[in-house]
Amino acid sequence: MTTFDLPSWSAAEFLDTPFSEELILRAVICRLGPARWQWSILTIGSDRGEVIAIGTETSATAARQTAASEIEKCMHDPRALD
């Protein structure tokens, strides 16, 4: 059985970027294991949210850089949200 302990949950990093009055882009970075970090980009609206992109990197720094790049793409090309 999997144990969900608080330290694992609190280790996740979040970055919220306003996209419009009704929409926020959220980057989530979390450690999956040794040399494995997951990054996720989500949209959060008033009544729903969606996963836009997700992937893994070998370091927290690389995961942050990739997530920032994905948010930048969405900010400059709203079609990336479709």
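Keep in mind it's a predicted model, so treat the numbers as computed, not measured. Counting from 1, residues in each chain are numbered in the order their sequence is written. It should be noted that, the model being predicted, local features are given only for residues of pLDDT at least 70 and side-chain atom pairs only at 80 or more, the latter also being counted only at that level, while totals for whole chains, interfaces and linings use all residues. Calculation of side-chain values draws on the structure's entire complement of heavy atoms; hydrogens and water are dropped beforehand.

Thoughts on the pattern of salt bridges
Oppositely charged side chains can pair when the atoms bearing their charge come close. Definition in use: Any carboxyl oxygen of Asp or Glu that lies within 4 Å of a side-chain nitrogen of Lys or Arg is treated as forming a salt bridge with it. Here a helix means four or more residues in a row that DSSP labels H or I, a strand means two or more in a row labelled E, and each is numbered from the N terminus. Using a 1.4 Å probe on the protein chains alone, a residue whose accessible area is under 20% of its type maximum counts as buried, one over 50% counts as exposed, and one in between counts as partly exposed.
Applying the stated criterion to the full structure yields 4 salt bridges. For the salt bridge of Asp-16 with Arg-26, the shortest nitrogen-to-oxygen distance reads 2.6 Å. Of this pair, Asp-16 sits in strand S1 (residues 13-18) while Arg-26 sits in strand S2 (residues 24-33), and the two are 10 residues apart along the sequence. Note that Lys-73 and Glu-70 form a salt bridge whose closest N and O atoms lie 3.0 Å from each other. Here Lys-73 and its partner Glu-70 are both found in helix H2 (residues 60-76), 3 residues apart, which amounts to about one turn of the helix. A relative accessible area of 45% means that Lys-73 is categorised as partly exposed.

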